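This is what each chain is made of:
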Amino acid sequence: HPAWQRPGAVLIAAGLCSGILVQWAWSYSIGLQESRYRTGVGSYLRAVSRPSDSIMLEPVGYIPYFAQRYTHDARGLASPEVTRYRQKFGRAWWINYVRDFRPTYYVERTHLRWGQTLDRDQLTPPEIEWFRSNYEIIKTFSYRPEDFVKSELDLKLARFGTHDDYDVYRLRQTQ
């Protein structure tokens, strides 16, 4: 009906504009996380490590790029050996890989503190003990948007979504 065409078009346009604004705010927040927060983790790793050191983590992207160190991709997309371990060992792939390859640094979300791998598999008590006796947390990164933006509007936009904390573990030096 012609009387409904104009209000209907206005409503559709308003809905589209609202969706675009929400998507823009979400993209701004994710972009800030990627370009400032995760790059900070990578820059930290580059500063505290030697060129011969390696890191293992997920997600691969900004962190290893800025760390400039050999990277074991914990998902296996860029590390065929990880994929081989996932296929060979099933649930126990992670602990076997870390034991065998001993990356110098391991970056993980906080669930590893409670003995869960990135796949949310629960490590056994001996596996947890092995990891804790061979790796130590040296730094935790928490996303704090107020560290990256100055204006109140930017701060509100930067708070969209959830952002994980990252623990940086270092292989303990052997005697």
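These figures come from a predicted structure and were not determined experimentally.

Engineer: Just give me the short version of the side chain of S79, but keep the residues and values in it.
Structural biologist: Mapped onto the secondary structure, S79 falls in the loop between strand 2 (70-73) and helix 3 (80-89). Separated by 2.8 Å, the side chain of S79 and the backbone nitrogen of D73 make a polar contact. If near-sequence neighbours (up to four positions away) are discounted, S79 is found in contact with T71, H72 and D73.

Engineer: How would you sum up the packing of aromatic side chains? Please name residues and give values.
Structural biologist: Geometry of an aromatic ring pair is reported as the spacing of the ring centres plus the angle between the planes. In the structure shown here, the tally under the stated rule is 16 aromatic pairs. With 5.4 Å between their ring centres and 70° between their planes, Y37 and Y143 make a pair best called edge-to-face. Here the residue Y37 occupies a position in helix 1 (residues 2-48), and Y143 occupies one in the loop between strand 4 (135-141) and helix 6 (152-158), the gap between them amounting to 106 residues. Here Y37 and Y143 have matching classes, each one buried. Note on Y85 and F89: the rings are 5.2 Å apart at their centroids and 40° apart in plane angle, and the pair reads as tilted. Taken as a pair, Y85 and F89 lie in helix 3 at a separation of four residues, close to a single helical turn. Under the relative-accessibility criterion, Y85 is labelled buried at 7%. The partly exposed category is assigned to F89, whose relative accessible area is 29%.

Engineer: Break down the side chain of S49 for me, citing the residues and quoting the values.
Structural biologist: Its place among the elements puts S49 in the loop between helix 1 and strand 1 (54-57). A polar side-chain atom of S49 sits 2.5 Å from the main-chain carbonyl oxygen of L45. Looking at S49, its side chain comes within polar contact range of the side chain of R69, at 2.8 Å. Among residues more than four places away in sequence, those in contact with S49 are R69 and Y105.

Engineer: If you had to explain the packing of helix 4 (residues 93-101) against helix 5 (residues 125-134) to someone new, which residues and values would you point to?
Structural biologist: Contact pair helix 4 / helix 5: the axes reach a minimum separation of 11 Å and the direction vectors enclose 30°. Taken as axis vectors, helix 4 and helix 5 run roughly parallel relative to one another. Two packed elements cross with a definite hand, and for helix 4 against helix 5 that hand is left-handed. Contacts from W94, I95, V98 and R99 in helix 4 reach E127, W130 and F131 in helix 5. Classifying every residue of the contact of helix 4 with helix 5 gives five nonpolar, no polar and two charged.

Here is what the cut-offs are and how they apply
Residues numbered from 1 in each chain as written. Predicted model: local features only at pLDDT ≥ 70, side-chain atom pairs only at ≥ 80, totals over all residues. Heavy atoms only, no water. Helix = DSSP H or I, 4+ residues; strand = E, 2+ residues; numbered from the N terminus. Polar contact = N/O pair within 3.5 Å; in protein donor to acceptor, adjacent residues only side chain to side chain. Contact = heavy atoms within 4.5 Å. Phe/Tyr/Trp six-rings, centres within 6.5 Å; stacked < 30°, edge-to-face > 60°. Buried < 20%, exposed > 50% of the residue type's maximum accessible area, 1.4 Å probe, protein only. Axes fitted to C-alpha atoms, helices over the stretch in contact; angles between N-to-C directions. Parallel < 35°, antiparallel > 145°, perpendicular 65-115°, else oblique. Left-handed = near helix turned anticlockwise from the far one by under 90°. Nonpolar A, V, L, I, M, F, W, Y, C, P; charged D, E, K, R; others polar.

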